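Notes for the structure review
The residues making up each chain are set out below.
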Amino acid sequence: MYEILSKYYDGLMTDFDYDAYEAFLAGKLTGLTDGYDMACGSGEMTVRLKKRGFDVAGCDVSPEMLEKAVGKARRQRLNIPFFVCDLNNIGTIKKRDFATAVCDGFNYVRPNNLSKVFSTIYALLNDGGVFVFDISSEHKLKHVLGNNLFFEDNENLTYFWQNSLKGDKVKMELTFFEKQGDSYKRSDETETQYVHKASEIAAALKGAGFKTEFFNEKFKKFNESDNRLVAVAKK
């Protein structure tokens, strides 16, 4: 996953409001000390949390994305541990005060695995711990991304992103043309994201033992027509 996209991820995320998300997280994690930034990608939020004073570790399923995260932390002289972790199979890790997962990581969790994953995260949190994550909403995956083609043409990269909606999952086929001298190198990646209804998320979190609030991408009350669902779950 993200073998090619990892090279360009930060440059393609310039419209994502990290500043607002960081401030939101800082408010929800007040009084907590240590935690995990799951599905951390290139480590942008992991680094921000560390600079906020949190003892944070980052994890992601993609070694290529983790390589970017490690480099980002080193350039800023921040001591942050990073490790490989698949949200679908987290395994046993040390208990901490919080867990975060910013920008759609849980859309890669299979629907039949959601309750198990939430229960695993509940178990790894200390009492009073907080779990904050977001997903692309059902509305976004079915009516904005699903069955649509997106593309971007930059100086060093051109890519095409073709989505196919089938039931409650979106198959994403990405084709990259990377400039190499006077020619271009073609690479292809395929990702699958799953639709999670707000009601299903709520039920799975409740079943795991969490008390949860839902917000949208503006960190206001979530509505079904919003593109992003942000969950703040407390143990």
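To be clear, the structure that these remarks concern was listed above.
Only a predicted model underlies this, so the values are computations on that prediction, with no experimental measurement involved.

The rules behind these values
- Residues numbered from 1 in each chain as written.
- Predicted model: local features only at pLDDT ≥ 70, side-chain atom pairs only at ≥ 80, totals over all residues.
- Heavy atoms only, no water.
- Helix = DSSP H or I, 4+ residues; strand = E, 2+ residues; numbered from the N terminus.
- Buried < 20%, exposed > 50% of the residue type's maximum accessible area, 1.4 Å probe, protein only.
- Lys, Arg positive; Asp, Glu negative; His and termini not counted.
- Salt bridge = Lys/Arg side-chain N within 4 Å of Asp/Glu carboxyl O.
- Contact = heavy atoms within 4.5 Å.
- Core = buried A, V, L, I, M, F, W, Y, C linked by side-chain atoms within 4.5 Å.
- Axes fitted to C-alpha atoms, helices over the stretch in contact; angles between N-to-C directions.
- Parallel < 35°, antiparallel > 145°, perpendicular 65-115°, else oblique.
- Left-handed = near helix turned anticlockwise from the far one by under 90°.
- Nonpolar A, V, L, I, M, F, W, Y, C, P; charged D, E, K, R; others polar.
- Pairing = 2+ DSSP bridges.
- Expected span 1.5 Å × (residues − 1).

Looking now at the side chain of lysine 140. As for its position among the elements, lysine 140 is in helix 6 (residues 138–145). The charged side chain of lysine 140 is buried without a salt bridge, its nearest counter-charge being aspartate 104 at 4.5 Å. The residues touching lysine 140, leaving out its near neighbours within four places in the chain, are Leu145, Gly146, Asn227 and Arg228.

By size, the foremost hydrophobic cluster in this structure holds 36 residues, and its most contacted members are Tyr9, Tyr21 and Leu49. Among residues more than four places away in sequence, those in contact with leucine 49 are Leu25, Leu29, Phe54, Val56, Phe98 and Thr100. Cys85, Phe106, Ile121 and Ala204 belong to the second largest nonpolar core, which has 30 residues in total.

Right, let's talk about the pattern of salt bridges for a bit. All chains considered together, the criterion is met by 13 salt bridges. Across the pair arginine 48 and aspartate 19 runs a salt bridge whose closest N-O atoms are separated by 2.9 Å. Of the two residues, arginine 48 is situated in helix 3 (residues 44–51) and aspartate 19 in helix 2 (residues 18–28); the sequence distance between them amounts to 29 residues. Classification of arginine 48 as buried rests on a relative accessible area of 17%. The salt bridge partner of arginine 48 is glutamate 22, with a shortest N-O separation of 2.6 Å. With arginine 48 in helix 3 and glutamate 22 in helix 2, this residue pair connects regions lying 26 residues apart in the sequence. Across the pair, exposure class does not vary: arginine 48 and glutamate 22 are buried alike. The network of salt bridges with shared partners includes Asp19, Glu22, Glu44, Arg48, Arg52 and Lys72.

This next bit is on the packing of helix 5 (residues 114–124) against helix 7 (residues 198–208). Close contact between helix 5 and helix 7 brings their axes to 8 Å; oriented N to C, the two are set at 40°. The angle between helix 5 and helix 7 places the two elements in the oblique class. The interaxial crossing formed by helix 5 with helix 7 has right-handed handedness. Side by side, helix 5 and helix 7 meet where Leu114, Ser115, Phe118, Ser119 and Tyr122 of the first sit next to Ile201, Ala204, Leu205 and Ala208 of the second. Per-class residue counts for the contact of helix 5 with helix 7 are seven nonpolar, two polar and no charged.

What follows concerns the sheet that holds strand 9 (residues 183–194). The four strands are arranged 6-7-8-9 in an open sheet whose pairing can be described as antiparallel. Only two strands of the sheet have a single neighbouring strand rather than two, namely strand 6 (149–153) and strand 9. Each strand of the sheet is rotated relative to its neighbour by a mean of 10°, with strand direction disregarded. The sheet contact formed by strand 6 and strand 7 (residues 157–166) spans five bridges and is antiparallel. Looking at strand 7, one finds that phenylalanine 151 is bridged to phenylalanine 160. Helix-sheet contacts for helix 1 (residues 5–12) involve strand 6, strand 7, strand 8 (169–180) and strand 9, and the interaxial angle to strand 8 is about 95°. Where helix 6 meets the sheet, it contacts strand 6, strand 7, strand 8 and strand 9, and its direction lies at approximately 110° from that of strand 7.

Bringing helix 4 (residues 63–75) into the picture now. Under the 1.5 Å per step criterion, the end-to-end length of helix 4 is 18 Å for 13 residues, consistent within 8% with the ideal 18 Å. Contacts from the buried residues of helix 4 go to helix 1, helix 3, strand 2 (55–60) and strand 3 (82–84).

Residues other than glycine seldom take positive phi values, yet cysteine 103 does so here, at roughly 75°. Mapped onto the elements, cysteine 103 comes out in the loop between strand 4 (96–101) and helix 5. Within the chain, phenylalanine 219 stands out as a residue other than glycine whose phi angle is a positive 65°. Relative to the assigned elements, phenylalanine 219 resides in the loop between strand 10 (211–215) and strand 11 (228–234).

Purely spatial values, then, with no claim about function.
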